Every structure is written in C-alpha cells, then in structure tokens.
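Structure assessment
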Amino acid sequence: MQTALHAHEREHISTFSRQKRRETLVGYSFVTPAVLLLIFFLVLPFLLAVVFGFTKFNLLRPDKIHFTGLDNYKLLFTDGLFYKSLWNTLYFTVTVVPVQSGVALMLALLVNNSLKLRNVFRIAYFSPVVTSMTVIAILWISLYNPNEGLINSALHFFGISNQPFLRSSSQAMNSIIFMSVWQAAGYQMMIFLAGLQGISKDLYEASSIDGASKLQQLRYITIPSLYNVTVFVLTITTIQAVKLFVQPYIMTNGGPENSTRTLALLIYQQGFQFRNAGYASAISVIFFLIVVLISFSMKKFLRDK
Amino acid sequence: MRNTRTKVLLYVLNIIMSLLFIIPLLWMVVSSLKPENQIFSDLSSLKSLLPLHITLDNYRMAFERIPMMKFLFNSLFYVSVICISGLGVNSICGYALAKLRFRGSEFILVCIIALMIVPFESILMPLYLVINTLHWVNTWFALIVPFIANCFSIFMFRQFFMDIPNEILESASIDGSGPLKTFASIVVPLSGPVFATVFILDFISHWGDFMWPILVTTGESLRNIQLGIQTFFTLPPIYYGQIMATLTFTTVPIIVLFLLLQKYYVQGITSAGIKG
Amino acid sequence: MKKGILLSLLALSLLAGCSGGGTQNANSGSGGQGEGSAVELTFWRPQASEVEDNVYVKRIEEFNQANKGKIHVKMEVITRGNSFAYEDKINAAVASHTLPDVLAMDGPNIANYAASEIIIPLDEYFSKEDLDDFVPSILQQGSYQGKFYAPGLNESSVVLFYNKKIMAEHGITPPDKIENAWTWDDWYDVMKKTSKDGVFGTNMINDKGEWMTYAFEQLWISGGTDIVNKEGTTAEGFVNSPQGVEAAGFLQKLANEKLFNIDPKPTEFEEGKAATKLGGPWNIPGFKNYPDLEWGITYFPKKPGGIQTAPSGSWAVGVSADSKHPKEAAEVIKWITNKDSSTQLAQAISMPASRKSAFESLTEYNELPLRIIKEQVTGVSHARPVTPAYPVLTQKFAEALTDIMVGADVKKSLDNVASTYDEEYKRNFAE
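Residues numbered from 1 in each chain as written. Chains lettered and ligands numbered in written order. Predicted model: local features only at pLDDT ≥ 70, side-chain atom pairs only at ≥ 80, totals over all residues. Heavy atoms only, no water.

One pass over the full model with this rule turns up 62 aromatic pairs over all chains. Pairing Phe126 of chain C with Phe134 of chain C gives two aromatic rings, centres 6.4 Å apart and planes at 65 degrees, and the pair type is edge-to-face. Between Phe161 of chain C and Phe269 of chain C the ring centres are 6.3 Å apart and the planes differ by 40 degrees, which places this aromatic pair in the tilted class. Of this pair, Phe161 of chain C sits in strand E6 (residues 159-163) while Phe269 of chain C sits in the loop between helix H10 (242-256) and strand E8 (274-279), and the two are 108 residues apart along the sequence. Comparing Phe161 of chain C with Phe269 of chain C, the two get one shared label, buried. By way of ring pairs, the aromatic residues Tyr125, Trp140, Tyr144, Phe165, Phe178 and Trp182 of chain A together with Phe21 of chain B are connected into one cluster. In this structure, Lys253 of chain C packs its charged tip against the face of Tyr188 of chain C, placed 3.9 Å from the ring centre. (Phe/Tyr/Trp six-rings, centres within 6.5 Å; stacked < 30°, edge-to-face > 60°. Helix = DSSP H or I, 4+ residues; strand = E, 2+ residues; numbered from the N terminus. Buried < 20%, exposed > 50% of the residue type's maximum accessible area, 1.4 Å probe, protein only. Lys NZ or Arg CZ within 6 Å of the ring centre and 35° of its normal.)

What follows covers the interface of chain B and chain A. The interface of chain B with chain A comprises 95 residues on the first partner and 96 residues on the second. Across the interface of chain B and chain A, roughly 8,500 Å² is buried in total on both sides, 77% from carbon and sulfur atoms. Applying the counting rule to chain B against chain A returns 13 residue pairs in polar contact (both at pLDDT 80 or more). Top element by residues in the side of chain B that touches chain A is helix H1 (residues 2-32) of chain B. It accounts for 16 residues. For the side of chain B that touches chain A, the class distribution of residues is 72 nonpolar, 13 polar and 10 charged. (Contact = heavy atoms within 4.5 Å. Buried area = accessible area lost by both parts, 1.4 Å probe. Polar contact = N/O pair within 3.5 Å; in protein donor to acceptor, adjacent residues only side chain to side chain. Nonpolar A, V, L, I, M, F, W, Y, C, P; charged D, E, K, R; others polar.)

Right, let's get into the confidence of the model for chain B. Residue and element names in this part refer to chain B. Per-residue confidence for chain B gives a mean pLDDT of 88; residues scoring 70 or more make up 95%. Ranking the elements of chain B by mean pLDDT puts helix H15 (residues 269-275) last, at 38, and helix H7 (residues 140-144) first, at 96. A low-confidence stretch, residues 268-276 (pLDDT under 50), is modelled with 15 contacts involving residues beyond four sequence positions or located in other chains. Of the two predicted TM-score estimates for the complex, the pTM is 0.90 and the ipTM is 0.90. (pLDDT = per-residue confidence, 0-100.)

Let us look at the sheet that holds strand E1 (residues 39-46) of chain C. Residues and elements named next belong to chain C. Judged by pairing direction, the sheet is mixed, and its four strands sit side by side in the order E2-E1-E3-E11 without closing on themselves. Across the chains shown, the open sheet's two edge strands, defined by having one partner strand only, are strand E2 (71-78) and strand E11 (315-319). Averaged over all neighbouring strand pairs, the angle between strand axes comes to 25 degrees, with direction disregarded. Here E1 runs beside strand E3 (residues 102-106); their pairing, made up of two bridges, is parallel. The residue bridging Phe43 from the neighbouring strand is Val102, located in E3. Contacts from helix H12 (residues 326-336) reach E1, E2, E3 and E11, with the element oriented near 160 degrees to E11. (Pairing = 2+ DSSP bridges. Axes fitted to C-alpha atoms, helices over the stretch in contact; angles between N-to-C directions.)

In structure tokens, the structure reads:
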C-alpha cells in the first residue's frame with residue numbers, strides 16, 4: 001500500500017508535495033486539541049499507573065511508596081485468581097461479542113424503516129441501556145432467583161427442576177452473559193442504525209427495479225455497506241466486554257467461587273477495596289498488554305477496504 | 001399487498017421484542033407511582049406492571065428529601081458541556097484520521113484504539129493526582145475537561161467519515177474551500193446520524209457518572225443527580241418508591257434527548273448530499 | 001526522560017498535597033466569618049438518613065455557638081450510598097493530603113486508618129471516667145494497639161425479629177430473657193416448623209458484603225473462637241478452626257434445606273413471607289408501612305452450650321493526622337460523642353446509644369421490645385476484628401460465606417480465607 005502511494009506520488013511530484021505538506025499541517029492542527037487533552041488526562045495518568053506498577057503503594061500510606069522492581073509482576077504470575085479472572089474475561093468476551101453484535105444488527109434492521117411507531121420501538125430496545133442498573137439488577141436477580149424466580153416457574157411448566165443460575169459456579173457466567181446481551185444490545189443497535197442511515201436509498205431503489213428480494217438486498221447491499229461500521233461495533237464491543245465490571249459487581253460480586261470474577265473486578269478490588277494500588281496497577285498493565293496483543297492479532301479486520 | 005404483509009410481520013416482531021426490552025423501564029415508572037408496600041409484594045406477578053393505586057407521594061417525598069432540580073441542572077450543565085465540546089474536538093480529529101494523509105496518523109489511530117482499553121478504575125487515582133496538582137478539585141473543570149476528548153468518539157467519527165466518498169471532498173477543495181470549511185459545510189451536514197449517535201452515547205455514559213464526581217467534589221454545589229440518587233440508598237429502611245421516582249425523573253431527560261435526536265436519523269442524507 | 005517528568009509530577013502532586021492540608025482549611029474558612037481568630041475546622045461525614053443528618057447539623061451549630069470566637073466547624077456531608085464511595089474519597093484525600101481535620105469512619109476501618117497513621121490517638125483528651133461511660137464494644141472497635149482513636153455516637157445490634165402470627169400458629173413462644181435465648185438448634189427447629197407454602201423459616205441476607213461479616217462472625221465467637229486471632233496477625237486456625245467449620249456448616253445446612261432465600265426481596269419479612277429475620281433496629285421504621293405485620297424481637301441465637309453474643313459496630317469520629325489543630329479537633333469529637341449528642345441521636349433514629357449514661361434518659365429501652373437490644377448492646381456484644389488488614393478479611397470472608405451458602409466446600413473455602421488473609425497481612429503489615 002505504501003509503495004503504491006509512492007508511485008502515485010512521483011507522477012504528480014510538484015503539486016503533490018506542496019499539497020502533501022499542506023495536508024500534513026492541516027492534519028496535525030485537526031488532531032492537536034484532542035491529542036493534547038488525551039495526553040494530559042489519559043496517557044499521563046496511565047503512565048503514572050505504569051510507574052505505580054513497579055512500586056509498593058498502599059493508598060493509605062502514600063508517603064511510604066517505594067520501588068520494588070518486578071515484585072508485583074512476580075506475585076501476579078503466581079496468583080491463581082489472576083489466571084482465573086483472565087480466563088473468565090476471555091470467555092465472556094468471546095461469547096458475548098458475536099451474539100450481542102448480531103442481536104444489535106437484527107434490532108437495527110427491525111427499526112430501520114418507515115413504521116409509524118418506529119421511534120417507540122427504538123426507545124424500547126434502547127431502554128435497558130438508559131435504565132439504571134439498580135432497577136435492572138433487582139429485576140434480573142428476582143428473575144434468576146433459585147428458589148422462586150419467574151424463569152424457574154417457567155421451567156417447572158416444562159417439567160425441568162429448579163436451576164441455581166447466578167448462585168452456581170457453573171451457571172453464573174452464562175447467566176450474566178445472557179443478561180448482558182439483553183442489556184447492552186440497544187447500544188450497538190444505535191450505531192448500526194446510524195450506519196444504516198448512511199446507505200444511499202438509490203442503491204435499494206435500483207436493486208428493487210432489478211427484482212432483488214429483501215434478503216438479497218440485505219446480503220448484497222446492506223451488509224457490505226456496513227463494513228466500516230461493523231469494524232467499529234466489533235472493536236468497541238470487544239473493548240467493552242474485556243472491561244466487564246458493573247454486571248458481575250452488582251449481581252454476583254465475582255462469585256460463586258470466583259466464577260464471575262473479571263480482570264476489571266480484580267483491579268477494583270485490589271486497588272480500591274484492598275488499597276494495594278501498586279499491585280492493581282501491575283494487573284492493569286498486564287491486562288492492557290494482553291488486550292493490545294489480541295487487538296493486533298485482529299488487526300487485519302481493521303485494515304480498511 | 002406484499003408490502004402490507006411485510007409491515008404486519010415487522011409490527012408483530014417489533015411488538016414482541018419491544019415488550020421483552022422495555023419491561024424494566026415500565027416497571028420502574030409504574031413502581032414510582034405505587035405505595036411503598038406494593039412495589040415488592042407485586043413483584044413476579046403481572047400486577048407489578050399495573051399501577052392500580054396511583055400516588056405521587058414518592059415524587060413528593062423524593063423532592064423534599066434532596067434538591068432535585070439543582071442536581072438535575074448540575075448534571076445537565078456539565079454533561080452538555082462535555083458532549084458539545086466533545087463533538088467539536090473529536091469529530092475534527094476523527095475527520096483528520098479518516099481523510100487526511102499525514103505522517104503519524106496511523107500511529108495516533110492505533111494509540112487511540114489502545115487507550116480505549118485502559119479501564120477507568122486503573123487511572124482513577126493517578127488522574128485524581130493530576131487534577132489535584134492543577135488545583136481543580138471542587139471545580140467544574142475537574143468534572144468536564146478530562147472527558148472532552150474521547151477515544152471512543154474519535155474512533156466512531158473516523159469509521160463513519162471513512163464512508164464519505166472522496167470525490168465530494170475533492171470537488172470542494174477544487175472549488176477553493178479550505179479544509180475547515182470543507183469539513184463544516186460538507187462533512188458535518190452529511191453526518192447527522194453519527195453526530196446524533198455520538199452525542200447520545202457520550203451523554204449517557206456521563207449521565208451515569210458516579211465514582212469520579214465523588215472523588216473531586218465535596219459539598220452540594222457541584223453535586224450531580226447520580227450522587228443525589230445515592231442519598232436514598234444510604235441507610236435502611238430503603239424506600240424503593242422514592243428511588244423509583246428519582247430514577248424515573250432522571251431518565252426522562254435522556255428519553256427526551258433521544259426523541260429530539262431522532263430527526264437526525266433520516267435515511268438517504270448521503271445520497272441527497274451527493275446529488276446536491 | 002519521560003520517567004523523570006513522571007516522577008517529578010508525582011512528587012509535585014504529593015508535595016502540593018502536603019501544603020494542600022493547609023489550604024484546605026483556608027479555603028473552607030470561606031473568609032470573613034467575622035470570627036476573628038477562631039480556628040477553622042472541617043469535618044467530613046457520610047450522608048445518613050435525614051433525621052440523623054439533622055441531629056449532626058444541630059449539634060455542630062450548638063458547638064459553634066458554644067465556642068464562638070474560638071473554634072468554628074464546617075461540616076461537609078459526603079455521599080455514600082450503598083457502596084464504598086466514602087472510603088474511596090478518603091483514600092484519594094489521603095493520597096493528596098487533603099483530609100479534613102475531623103472525619104467519620106466505619107468502625108472496622110479504625111484499625112486500618114490507625115495503622116496507616118492517618119488518624120491520631122485521643123487518649124490524652126478523654127478522661128478515664130469519660131471513656132468508661134462508652135459501652136465496651138465501642139472501646140473495642142475504637143482501640144488499636146492499646147491506644148484509643150475514635151468513639152462513636154451510637155451503637156448497633158442484630159436481633160432476631162419474628163412474625164407473631166406465624167409463631168402463634170405453631171405454638172412457639174420466643175424467649176424474652178437472655179438466659180433462655182434460642183440456640184442454633186432451637187432456631188433450626190422453629191425454621192423447620194414454619195418453613196412452608198412460600199414462607200421461609202428465616203430471612204438473613206441483607207446484602208452479600210459487609211453484612212456477612214457483621215452478622216455471621218458472631219457464630220465463630222459463640223463457638224469460642226473468632227475469624228482472626230486477638231492480635232489480628234493470623235486467621236489460620238481461627239476462621240478455619242473446627243468451631244468455624246461447624247458454624248459455616250450450620251449456615252450451609254440452612255441453605256441446603258432452603259430455610260432461607262439466598263436472594264430475598266428486601267421486604268420478604270414485612271410481607272409475612274419469612275417467619276423470622278436477622279436484622280437490626282434500622283429495620284423498625286420500615287415496619288410501619290406494613291400494618292398487617294405483627295412483629296417481636298428476640299436475642300441473637302447462640303451455639304448450643306456456647307457464648308451469648310451479638311454483632312455491634314457503628315460509625316465513629318476521629319482526628320486526622322493532617323489536622324493543624326488536633327486539640328480543637330478533639331474538642332469537636334468530645335462534643336459530638338458526649339451524653340447529649342448520643343442521647344439525641346438515639347432519640348432521633350432507632351439506633352441504641354453508645355454511652356451507658358445515655359440509656360438513663362432513654363426509658364423506652366427498659367421495656368420490650370427494645371430492652372432486648374439494650375441488653376445485647378450493654379452486655380454481650382462483640383465488635384468486628386480489630387486489624388489493619390480488615391478490608392481483605394471482610395471481603396474474603398463474605399465471599400467464602402456466600403460460596404458456602406450456595407454449596408461450596410466448607411473447609412476449603414475457609415482455608416482459602418485463612419491463607420489469603422495471612423499472606424496479605426505478612427506482605428503489608430508485618431513489621
């Protein structure tokens with residue numbers, strides 16, 4: 001790609017280099033405000049966290065902070081809970097990303113039309129995103145209740161015995177996954193919807209004159225046109241999934257037997273509740289590196305068409 | 001004929017799915033209108049969604065308990081400032097990354113994607129130290145400035161701007177428009193849905209701010225609505241009716257915003273733009 | 001190069017913090033109070049119920065009146081909610097040296113703060129008679145390594161509420177004398193009898209966090225052990241002692257036989273869906289919303305042949321090490337925890353007082369049902385473990401108990417608490 005660009009450049013060398021210099025200048029000036037803000041309020045704090053990762057830093061004893069080299073990392077790699085949390089995080093991500101994105105796309109297609117009530121439906125699908133987790137947790141914990149929940153009543157109807165759901169180490173994570181897909185799909189739906197709005201109407205009109213069915217339109221127009229949007233949705237869904245925190249924090253607090261403990265929960269517990277800021281920072285750094293590695297291995301998806 | 005059938009099918013599907021999704025919101029609103037002792041006794045029966053004895057007591061008591069309007073105004077103020085200034089800063093950055101070629105743009109993009117990964121929990125304390133060094137604790141700056149630039153928004157803008165045909169931009173630049181003017185007069189009008197989506201998603205994420213405002217504000221003057229809600233959770237007995245009333249009250253602005261922004265979701269803007 | 005900048009920024013922020021302690025006071029003085037040379041103090045406490053907040057406001061106003069021209073206190077109410085937000089804010093203030101002069105803290109955190117030297121001992125400011133007036137559990141939770149750091153205004157307790165109608169139906173008469181208090185076996189029999197038709201034998205899960213330690217550590221104490229040793233240096237052989245395994249096994253038995261709901265509705269007992277309930281005085285105001293409920297109180301159940309005990313613990317107030325005016329700050333503490341403050345708070349909210357003398361004017365505590373609470377508070381209560389590693393202990397203990405209630409191996413779960421706690425203590429607090 002780079003070489004092709006150079007060949008292209010050589011042809012118009014004189015006008016191009018001037019234009020290129022101008023484009024560079026404009027480019028820098030356009031990104032500067034955002035980049036400066038990010039450096040101060042995201043990069044700098046994160047680098048501080050990286051430094052803390054090499055220290056023993058009890059939040060309540062800031063004056064006694066001191067460098068301990070790789071001690072935190074040595075501890076980390078012998079901490080069974082770290083591996084368990086890493087596994088849980090990966091399991092959640094791998095399961096939830098395709099399902100949630102798929103549901104989101106389906107919802108977006110359902111409301112991307114001229115139905116009179118489409119705004120009502122949009123609000124409905126989006127409502128779990130804006131409804132407080134307090135409300136959602138009360139309802140889902142009651143739905144999942146192992147003794148008397150609505151889901152168990154339904155299972156009884158089909159002759160299936162009571163299931164423990166959130167209160168069993170083998171079912172808790174899947175219960176959280178199911179609930180998460182339901183809760184967050186509306187978020188990705190909005191992004192898909194914005195993407196669908198950008199597809200030219202002409203394409204559909206032309207194809208329906210050619211006699212294409214709705215399904216063919218979906219396959220040959222809608223899906224390909226959503227490529228960049230889908231890349232975006234998959235990326236941010238993955239990133240949100242690896243940072244999973246609120247649902248297990250409220251519904252299970254990482255249990256039973258750490259089966260829903262995620263890395264973000266571990267970082268919070270170590271850093272805030274146990275006040276081991278140094279150790280928590282080390283976990284953050286490793287967490288960051290792992291996700292970056294995964295992202296790079298997925299990078300071929302990010303290559304733009 | 002076929003059109004009507006599709007329509008009916010769409011309606012049926014949408015109605016069934018909507019019910020599955022909207023129940024919590026409905027339950028919250030209905031519960032906010034019920035006497036305290038019915039909220040949980042009705043739970044797990046259909047009665048939980050039927051307001052049989054409507055009362056506004058919960059709202060009255062919630063409003064007596066906390067300065068609701070003040071907290072609501074505080075939230076609206078600082079979240080709007082974040083989102084509006086964010087639209088400017090992030091869209092222009094996303095545009096540069098999508099459409100301008102310059103050395104380092106790919107590196108910046110990779111960094112921005114990577115930075116999205118950093119969990120907020122892990123930078124909370126260091127960020128607090130930075131804010132404290134700037135003497136911004138207990139000021140609006142602490143609530144607003146760190147969150148204007150947003151990797152998520154930049155990346156989203158970038159992905160959507162990628163889809164704008166280069167020909168439109170080139171024709172504008174041949175007409176002699178400067179890059180800023182091209183952006184403002186061509187790109188922005190073409191991108192209503194993206195701006196609307198970024199705005200609402202950014203708005204929602206900050207509307208729920210809780211941890212950070214606790215750290216950087218003390219006292220009531222800067223307190224936001226989420227901190228206000230926590231008042232009702234502080235000590236048992238917890239009055240869920242008042243909680244539901246407050247939560248309903250704080251969900252209304254988001255729904256209104258959502259409806260207002262729907263007018264930007266009009267299909268075919270891009271094609272109209274190309275023709276014009 | 002970058003690292004240099006970073007470290008200097010860190011140093012800078014810590015330095016700025018050091019001076020921040022001073023500026024904090026200057027800022028909060030908000031200038032021109034017309035009080036001349038009065039010492040300005042700040043006081044942080046978490047938001048509580050409205051009536052409780054009002055008592056504090058009134059008492060601080062009265063203090064400012066009484067000390068006009070000498071001391072002026074500015075109280076800041078911090079949002080707490082049902083999370084650790086207040087503690088997180090304290091952590092941030094410690095890291096930047098912006099703590100207020102006087103701060104409130106939850107009882108079990110006192111040792112943690114004392115060990116980290118962010119609060120100072122108050123022994124020199126309290127006379128011996130004054131200290132002896134506090135109920136024993138207040139002194140226990142407020143002391144660390146032989147020094148006294150933070151008194152509370154009120155106490156708390158956990159009792160067993162019962163539904164009178166359900167008891168009458170089964171011909172059960174709960175004891176109202178402490179020597180006849182139910183044992184675990186008695187309580188188990190009651191649950192067995194009453195648990196049917198959608199009614200649970202008991203309701204005992206308020207939350208799956210601090211409540212677990214607050215309420216159920218007592219089962220260990222009743223068995224003659226505890227979840228850590230007296231010095232707080234080790235949990236091995238305590239939390240996982242044979243008595244401990246027995247206590248946790250009892251809880252698991254109740255869960256296995258579905259005698260309580262692991263995810264109860266908050267109003268299960270109030271709606272008559274639970275025959276008994278482990279709860280505290282804070283539940284009482286909510287009962288009046290349920291006119292059909294007839295309730296009574298009996299004692300916290302003890303192990304057969306074991307020690308009669310009950311949970312305790314309260315928020316307490318201390319003086320921060322950042323304060324430039326510890327003497328004046330101690331005056332505030334003495335005022336806000338004196339007999340009048342303690343009595344007024346007890347009258348306003350349904351929590352028992354922290355001072356023996358306060359009970360003299362609280363005559364309602366001489367009669368049933370509140371007499372039960374008074375007997376527990378002044379006689380048999382135990383505070384939670386006094387250890388600087390308490391945050392780890394309580395988290396891990398609560399997680400283990402929750403796991404045990406949903407079927408995890410009892411011994412293995414408790415062993416895990418012991419080893420995690422011991423490692424944490426060794427790493428951070430063994431000098």
